[in-house]
Amino acid sequence: MMLKHVALLIPSLLAVTLSAALAQERLPITNKTCDELAAFYAKLPFTDVLPLEVGPVEVQGKVRPVTIGFSQTGFNHPWRIAMLEALQAEACRHPNVKIVVLDGNVDVAKQNNDVRDLLARGVDGVVMSPVESAGLVPAARAVMAQKLPLIVLDRDVPSDKTLFIGQSNVTMAEQVAERMAKDLGGTGNIVVITGLKGSSPAVDRDRGMADVLAKYPGIKVLVKGDGEWIREPAVRLMEDWLTANPKITAVFSHAEESSWGAQLAIARAGRCKEGIRHYTFDGSNAGFKSVKRGTFGADGNYTPYIGDIGLRAVIYTLTGKAIPGRANYDSPGSRLLLPDSPSVVPENADVWIGRGWGDFEPTLDPCR
Amino acid sequence: MSRSLPALRRGRLADAASRLHKQAGVVLALVLLVLAATYASDRFLTVPNLLNVLRQVAIVGILAVGQTFAILTAGIDLSVGAVLGLSVVLFARLLEHHGLVVAIPLGLLSGAVAGLVNGIGIAYGGIPPFIMTLGMLSFARGLAFIYTGGTPIPILNEDFYDIGNGYVLGMPIPALMLIAALFACGVVLRLTPFGRCVYAIGSNEAAARLSGVAVRRYKVLVYVICGLLAALAGLVYASQLSVGTPIAGQGYELDAIAAVVVGGTSLFGGAGSVFGTFVGTLIIGVLANMLNLTGVDPFVQQLFKGALIVIAVFVMSRPSRG
Amino acid sequence: MEARGIWKYFDGNPVLSGVDLAIQHSEVHAVVGENGAGKSTLIKVLGGIYQPDRGILLIDGAPRRLRSPRDALAHGIVVIHQELSLAPHLSSEQNIFLGHFPVTRSGLVDRREMRRRTEVLFDRLSISVDPGCPVGQLSIAQQQMVEIAKALSLDAKVLILDEPSAVLDDDRLQILFGVIRRLRDQGLGLVYISHHLDEIFSIADRVTVLRDGRPTGHAPVADVTEDWLVGRMIGRDFASSPPQSRASGRIAIELRGLSRAGQFDDISFSVREGQVVGLAGLVGAGRSEVAQAVIGAVRPSSGSIAVFEKAVRITGPHAASRLGIAYVTEDRKTCGLLANRPVRENLTISNLKRFSRLCFMRPRHELRFARDLIARLDIRLPGMGHEIRKLSGGNQQKVLIGRALAVRPKILILDEPTRGVDIGAKQEIYAIIERLLAQRVAIILISSELEEILRLSDQIVVLRRGRVAATLSRTQASEAAIMRAAAGGL
């Protein structure tokens with residue numbers, strides 16, 4: 001009896017959720033309507049890269065439905081959702097362009113399958129943001145074998161592609177580390193909270209920092225720990241480090257979430273007075289506000305708003321337009337180098353608030 | 001095979017002694033670890049650090065207490081981490097518009113409801129606990145993502161922040177919540193007919209049923225408790241971190257299971273205690289604390305944790321071999 | 001093979017104290033003793049599972065240490081345990097050659113050779129089993145034969161059978177005996193463990209008696225009598241009290257046309273207070289199924305049950321115990337014992353309400369009850385906190401009876417109450433039953449031992465293929481009458 005009730009309940013719940021979503025024509029995952037995204041489009045930082053007019057897309061002189069697949073690493077982080085948001089905002093401007101979104105679940109195998117599923121559905125082009133560089137080579141080859149445009153975002157694949165669009169985590173980390181070294185006056189004890197150990201942005205940001213610190217022997221790295229990009233592990237790490245180390249001058253963290261967590265631990269340990277500064281990455285509006293309030297010393301501006309460029313690049317390829325700035329580089333295929341966004345620091349925070357990603361507020365700084 | 005009636009008279013004492021004997025191994029492991037930590041870092045054995053450890057283990061500790069119930073019945077609850085995540089985003093969202101009085105009971109209720117669905121599926125639907133709670137893991141996590149659109153919800157309520165970060169009588173509130181949960185569940189397991197039935201079901205479900213134990217009803221209750229405690233852990237999480245993120249608690253179910261197993265509770269059911277679980281939680285917590293204090297490489301930390309789980313269980317299984 | 005002066009301690013207590021056992025070629029050597037006398041431990045020492053603390057094992061006159069069952073196998077010593085160790089989804093030939101498959105030159109399993117050798121083995125045992133049939137689909141008796149064939153395929157010289165008769169009915173037992181005699185004549189040495197003295201006399205050449213881990217007798221079977229054996233086993237006299245006629249009271253429970261599709265059909269009988277109704281029949285006649293229906297563990301498809309002349313609906317064991325109906329299972333291990341829980345908890349699980357107030361247990365109250373019951377039922381245990389699995393079979397059975405008594409039953413169903421229990425404990429269980437009858441409890445007794453049924457019952461209901469084949473009063477009943485009804489007239 002009970003079982004029957006449960007069995008009925010679950011599908012009906014799903015049905016209600018789905019029909020609600022469809023009724024308001026809300027887009028999947030971001031749950032936004034095209035009207036909302038139109039206002040958002042105006043604020044995107046890179047709309048002048050490969051610019052495209054509003055209106056239907058003509059392929060070989062004809063207006064026909066165009067379907068483009070987007071295979072995302074996963075939607076477990078708002079950064080990834082913001083990338084999709086930019087892509088959806090571009091798609092909304094072209095009535096005959098439809099997007100198929102697949103969630104890779106941060107799993108190489110799943111994402112490989114996803115891309116093949118997209119091909120099976122007969123998409124006209126693929127935008128992919130890979131979980132891992134080498135692991136997605138088979139998927140990339142499969143797309144290229146069908147002679148479809150393949151745009152790779154954020155993380156590169158070491159095989160042939162139409163275009164790779166990305167920012168360098170190494171140079172960004174160099175910017176942030178330089179700023180930190182300047183603020184510290186070349187001496188001090190720092191602790192490092194990395195992103196998920198072994199992930200490529202964590203490796204690159206660590207390398208960028210190491211390159212800079214080699215020039216500043218006065219700055220000592222006391223200890224490194226894995227913050228997994230999120231808040232909870234960072235709190236525990238910071239608590240223990242504060243216990244073990246009487247003098248910490250700064251925290252270099254790979255993610256804003258981890259920095260906020262470290263700040264919670266500092267407040268709890270009653271060590272706000274020491275003025276421990278945070279140097280961090282992600283580029284969210286909330287992060288910029290924390291910079292403005294003085295909690296963060298610098299925020300590496302790693303923007304997710306490259307999704308729209310990816311879609312425009314597919315459309316450029318389909319319509320046969322030349323891509324300005326396209327260049328060969330040390331990996332197969334070609335690359336589009338984006339202008340380096342400056343790190344957000346107290347001096348420029350006001351300019352950048354509103355141009356970062358995410359519309360949430362930073363955690364209240366428990367030290368204030 | 002002695003006909004020793006005097007031995008019967010010592011019954012309660014002998015009971016207590018045999019309980020102590022069973023837990024001696026795990027307590028010994030904790031003592032050794034504490035000695036090692038004291039030796040490794042002169043900062044370990046300080047009051048603020050020990051309070052930190054207690055606060056750090058509160059979340060997984062509370063999950064593990066609930067998990068103990070499920071494992072004692074020879075079941076398992078893989079959904080505790082996801083249910084924690086669901087309750088965390090509910091707390092955050094409810095606190096945007098309501099006070100603590102509304103948010104806390106409703107958030108806790110969400111855990112109990114998830115547990116109820118688990119329990120009904122397992123006890124009345126005959127679905128193996130592993131499968132049912134695996135399904136719930138995915139379902140609850142999905143709900144949390146849908147509910148937030150994948151974006152963390154900041155919690156700006158100061159009173160709520162104090163729950164996770166404040167002190168009462170010099171003790172961090174999360175640690176007190178863990179101790180309260182341990183005490184309440186310990187009493188329930190040791191001193192109530194329900195607790196007896198939990199052990200009986202885990203020891204031999206068919207026998208318990210034939211003895212007139214309302215097996216299904218109690219199983220449902222076990223999973224409701226497990227879900228409720230997951231939501232309580234969610235309360236600690238959300239209030240400590242001031243953020244309602246849908247990925248909260250990913251993989252915590254495994255940490256909770258590890259704490260239960262290290263604490264000497266049998267995965268085959270019918271043997272173990274929440275006291276053991278508490279010690280198991282502390283062992284894992286103290287180890288992590290010690291490695292952080294001494295600044296061990298995060299890659300190497302994983303080796304220690306894995307080795308500890310296996311060694312602790314191995315050491316504990318020794319005395320029972322006659 | 002010979003064992004000399006074997007000692008084995010558990011927790012400091014000797015379980016075997018200086019046991020000698022000589023196993024000759026072409027001989028069946030029986031080992032008898034009460035439960036807990038040390039037979040199983042002795043087997044485990046012989047089979048290499050335990051190492052003796054003192055004493056030596058000689059194989060073909062040379063001292064050997066058996067460090068593991070593999071070691072024992074290497075010396076041709078094979079133990080066939082009560083719980084068979086076959087893989088149910090594999091065929092019998094695959095089971096037999098598991099771990100030592102015959103292989104072709106290319107390293108693959110040589111199926112033809114395996115089939116040929118299996119058939120040779122089955123010939124040797126004179127049994128007919130399809131070698132390709134999954135073992136799980138064979139009867140228990142056939143599985144036992146497969147296990148023996150497996151032992152032979154390993155080139156066994158000594159074969160140890162641990163209570164092989166426990167799972168067999170009489171016909172199958174005769175087949176087993178035939179196989180045992182054949183193997184003996186082929187030169188094997190066999191060790192035969194059993195409770196049943198009649199089996200010793202029909203199969204064994206030589207017998208060793210154990211009591212409390214000590215050897216108390218050793219002789220050729222031809223030289224001994226049953227009384228001698230029993231005396232050596234229990235070390236005391238037992239009086240078999242002749243049954244008296246019992247006063248009858250009201251009708252406690254009545255089954256009216258109880259049926260369950262495919263299991264039993266139209267079962268009707270009634271039991272009065274202070275009386276025993278015996279349910280007799282062959283294995284598979286539906287006796288336990290009827291009992292399960294009475295306590296609500298399974299739902300009957302038609303018919304009704306009345307308790308003290310009032311029709312009742314029993315929805316489960318829970319409801320049954322509220323009506324004062326208690327059940328002691330035939331399957332101690334899988335449906336009875338809370339194996340890793342203390343004796344006290346095993347006793348009181350059936351009626352926790354009685355030992356609690358306002359949602360809390362009353363430990364003193366419970367302990368007093370447990371002590372009282374342990375004394376009354378003469379349960380022997382090292383301490384209250386001990387897990388029940390460490391008790392002997394007889395004491396475990398008494399605990400289960402005690403558990404049933406905790407609900408203060410008016411109606412008690414005993415399903416094979418003396419199975420796997422030694423002679424001493426059996427007498428004690430009979431005495432407990434008599435005492436309960438004096439307290440006007442109505443008892444339904446299910447037993448495969450005709451002697452037990454005849455001795456205890458006021459009325460005997462014989463089932464055959466799920467139907468009542470005969471209802472016999474005490475005066476009508478005899479072993480022959482029951483067997484005739486149970487087996488369908490000879």
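Residues numbered from 1 in each chain as written. Chains lettered and ligands numbered in written order. Predicted model: local features only at pLDDT ≥ 70, side-chain atom pairs only at ≥ 80, totals over all residues.

**Considering the overall build of chain B**
To keep it simple, the criterion reads: Numbering of helices and strands runs from the N terminus; a helix is a DSSP stretch of H or I covering at least four residues, while a strand is a stretch of E covering at least two. All radius of gyration figures rest on C-alpha atoms, and the globule criterion is 2.2 Å times the number of residues raised to 0.38. Exposure classes come from backbone-placed C-beta atoms, where a residue is buried if 20 or more other C-beta atoms lie within 10 Å of its own, exposed if 12 or fewer do, and partly exposed in between. Two residues form a contact once the distance between their C-beta atoms, set from the backbone, is within 7 Å.
A tally of helices and strands in chain B yields 14 helices and four strands. Computed over its C-alpha atoms, the radius of gyration of chain B comes to 20 Å, within 12% of the 20 Å expected for a compact globule of 322 residues. With respect to the principal axes defined by its C-alpha atoms, chain B has extents near 70 × 55 × 35 Å. For chain B, the residues scored as buried account for 58% of the 322 residues in total. Once local pairs closer than 6 in sequence are excluded, the contacts in chain B between residues at least 24 apart make up 79%.

**Focus: the overall build of chain C**
Along the backbone of chain C there are 17 helices and 22 strands. A compact globule built from 490 residues should have a C-alpha radius of gyration of about 23 Å, and chain C, at 24 Å, falls within 12% of that. By principal-axis analysis of the C-alpha atoms, chain C measures approximately 75 × 50 × 50 Å. Expressed as a percentage of its 490 residues, the buried residues of chain C come to 47%. By sequence separation, contacts in chain C at least 24 residues apart represent 68% of the contacts at least 6 residues apart.

**Section: the interface of chain B and chain A**
Selection rule: Each residue gets one label: Ala, Val, Leu, Ile, Met, Phe, Trp, Tyr, Cys and Pro are nonpolar, Asp, Glu, Lys and Arg are charged, and the others, such as Gly, are polar.
Contact with chain B, which involves 33 residues of that partner, is made by 37 residues of chain A. For the side of chain B that touches chain A, the elements supplying multiple residues, two or more each, are helix H3 (47-72), helix H5 (100-123), strand S1 (153-154), helix H11 (215-241), helix H13 (274-293) and helix H14 (298-317) of chain B. Among the elements that take part in the side of chain B that touches chain A, H3 of chain B stands out by supplying four residues, more than any other. Among the residues making up the side of chain B that touches chain A, the classes are represented as 16 nonpolar, 16 polar and one charged.

**Focus on the pairing of strand S16 (residues 325-328) of chain C**
Residues and elements named next belong to chain C. Convention followed: Should DSSP find at least two bridges between two strands, the strands are regarded as paired.
With burial as the criterion, each face of S16 is covered, one bearing Ile325 and Tyr327 and the other bearing Ala326 and Val328. Summarising the sheet, S16 and strand S19 (residues 411-415) pair through four bridges and their orientation is parallel. Its bridge partner being in S19, Tyr327 is matched across the sheet by Ile413.

**Considerations on unusual backbone geometry**
Its identity is not glycine, yet Asp282 of chain A carries a phi of approximately 140°, on the positive side. Mapping Asp282 of chain A onto the fold places it in the loop between strand S11 (277-281) and helix H10 (285-293). Look at Cys359 of chain C: it is not a glycine, yet its phi comes out positive at around 70°. Positionally, Cys359 of chain C belongs in the loop between strand S17 (356-357) and strand S18 (360-361). Here Cys359 of chain C falls in the exposed class, since 10 other C-beta atoms lie within 10 Å of it.

**What to know about the environment of Gly280 of chain B**
Looking at the element boundaries, Gly280 of chain B is found in helix H13. Between the C-alpha atom of Gly280 of chain B and that of Val261 of chain B, which follows or precedes it by 19 residues, the distance is 7.4 Å.

**Some remarks on the confidence of the model for chain C**
Keep this limit in mind: pLDDT runs from 0 to 100 and stands for how confident the predictor is about each residue.
Taken over all residues, the pLDDT of chain C has a mean of 85, while the share at 70 or more is 95%. Of the regions scoring below 50 in pLDDT, residues 237-242 of chain C engages in two contacts with residues more than four places distant in sequence or in other chains.

**Looking at the packing of helix H4 (residues 108-120) of chain A against helix H5 (residues 137-145) of chain A**
In helix packing, the relevant descriptors are the interaxial angle and the interaxial distance, both defined with respect to the helix axes. All names here are of chain A. Here is the rule: Angles here are taken between N-to-C directions and fall from 0 to 180 degrees, while the axes themselves are lines fitted to C-alpha atoms, restricted in helices to the stretch in contact. In these notes the angle categories are as follows: under 35 degrees is roughly parallel, over 145 is roughly antiparallel, 65 to 115 is roughly perpendicular, and the rest is oblique. Rotating anticlockwise by less than a right angle from the far helix to the near helix defines a left-handed crossing, while the corresponding clockwise rotation defines a right-handed one.
Between H4 and H5, the shortest axis-to-axis distance is 8 Å and the interhelical angle comes to 10°. Comparing the axis directions of H4 and H5 gives the class roughly parallel. Seen from above, H4 lies across H5 with left-handed handedness. Facing H4, whose interface residues are Gln111, Asn112, Val115, Arg116 and Leu119, H5 presents Pro138, Ala139, Ala142 and Val143. Broken down by class, the residue content of the contact of H4 with H5 amounts to six nonpolar, two polar and one charged.

**Structural notes on the sheet that holds strand S12 (residues 264-272) of chain C**
Pairing between the strands of a sheet is mediated by backbone hydrogen bonds and can be parallel or antiparallel. Residues and elements named next belong to chain C. On the basis of which strands lie adjacent, the open sheet formed by four strands has the order S12-S11-S14-S15 and antiparallel pairing. Here the strands that pair on one side only, and so sit at the sheet edges, are S12 and strand S15 (310-312). Between one strand axis and the next, the sheet turns through 20° on average, direction left out of account. Pairing analysis gives five bridges linking strand S11 (residues 251-260) to strand S14 (residues 302-307), with the strands arranged antiparallel.

**Overview of the domain arrangement of chain C**
For the record, the criterion: Domain start and stop positions are those given by an automatic or database domain assignment.
Under the domain assignment, chain C is made up of domain 1 (2-234) and domain 2 (251-487). Once you take the C-alpha centre of each, domain 1 of chain C and domain 2 of chain C turn out to be 33 Å apart.

**A short note on the pairing of S19 of chain C**
Where a strand is regular, its side chains alternate between the two sheet faces. All names here are of chain C. Heads up, the rule is: Viewed with both strands pointing away, a crossover whose connecting path from the first strand over the helix to the second turns clockwise is right-handed.
Counting buried residues along S19, five of its five residues qualify, which places the element largely inside the surrounding structure. Where burial is concerned, the two faces of S19 agree: the one with Ile411, Ile413 and Asp415 and the one with Leu412 and Leu414 are both buried. Once the chain exits S19 it traverses helix H15 (residues 423-438) before rejoining the sheet at strand S20 (residues 442-446), and the crossover so formed is right-handed.

**So, helix H17 (residues 479-487) of chain C**
All names here are of chain C. Cut-off, in case you're wondering: Within this analysis, the arc is defined by the directions that extend from the helix axis to the C-beta atoms.
What H17 keeps buried is the set Ile482, Ala485 and Ala486. One side of H17 carries all its buried residues, which in axial view fall inside an arc of 95°. Here the buried face of H17 lies against strand S13 (276-280), helix H16 (450-456), strand S21 (459-464) and strand S22 (467-473).

**Comments concerning the packing of helix H4 (residues 80-97) of chain B against helix H12 (residues 252-262) of chain B**
Residue and element names in this part refer to chain B. In contact at an axis separation of 6 Å, H4 and H12 are set at 130° when each is read in the N-to-C sense. With respect to their mutual orientation, H4 and H12 come out oblique. Contacts from Val80, Gly81 and Leu84 of H4 reach H12 at Tyr252, Glu253 and Ala256.

**Observations concerning the nonpolar core**
Condition: In this description, a nonpolar core means buried residues of the types Ala, Val, Leu, Ile, Met, Phe, Trp, Tyr and Cys, linked to one another by C-beta atoms lying within 7 Å.
Among the nonpolar cores identified, the biggest contains 239 residues, and Ile62, Leu63 and Leu229 of chain B together with Ile443 of chain C are the most heavily contacted of them. Broken down by element, the residue count for this core peaks at 19 residues, all from H11 of chain B. Not counting residues within four places of it along the chain, the set of residues in contact with Ile443 of chain C comprises Val276, Leu412, Leu414, Ile433, Leu436 and Leu437 of chain C.

**Regarding the sheet that holds strand S5 (residues 125-128) of chain A**
All names here are of chain A. Pairing within the open sheet is mixed, and its seven strands lie in the order S4-S3-S5-S6-S7-S14-S13. The sheet is open, and its two borders are formed by strand S4 (97-103) and strand S13 (326-328), each paired with just one other strand. Averaged over all pairs of adjacent strands, the angle between their axes in this sheet comes to 25°, without regard to strand direction. One ladder, built from four bridges, connects strand S3 (residues 66-72) with S5; its direction is parallel. When the bridges of S5 are listed, Phe70 appears paired with Val127.

**Observations concerning the environment of Ala481 of chain C**
You can see Ala481 of chain C is positioned in helix H17. For the pair Ala481 of chain C and Gly303 of chain C, spaced 178 residues apart in sequence, the C-alpha to C-alpha distance is 28 Å.

**Considering the confidence of the model for chain B**
A low pLDDT means the predicted coordinates there should not be read in detail. Residues and elements named next belong to chain B. When pLDDT is averaged along chain B, the result is 88; 91% of the residues meet or exceed 70. Looking across chain B, the model is least confident in helix H1 (residues 5-9), with a mean pLDDT of 44, and most confident in H5, with 96. Counted against residues more than four places away or in other chains, residues 1-10, with its pLDDT under 50, gives 12 contacts.

**A look at the environment of Leu291 of chain B**
Residue and element names in this part refer to chain B. Inspection of the secondary structure puts Leu291 in helix H13. Note on Leu291: 22 C-beta atoms within 10 Å, which makes it buried. On a C-alpha basis, the gap between Leu291 and Ala233 in space is 24 Å, while along the polypeptide they are 58 residues apart. Contact partners of Leu291, with chain neighbours within four places excluded, come to Val296, Gln301 and Phe304.

**Quick notes on helix H3 (residues 78-92) of chain A**
The test is simple: A helix is expected to reach a length of 1.5 Å times the quantity of its residues less one.
Here H3 of chain A spans 20 Å end to end across 15 residues, near enough to the 21 Å set by a 1.5 Å rise per residue. Counting buried positions along H3 of chain A gives 15 out of 15 residues, so the element sits mostly inside the fold.

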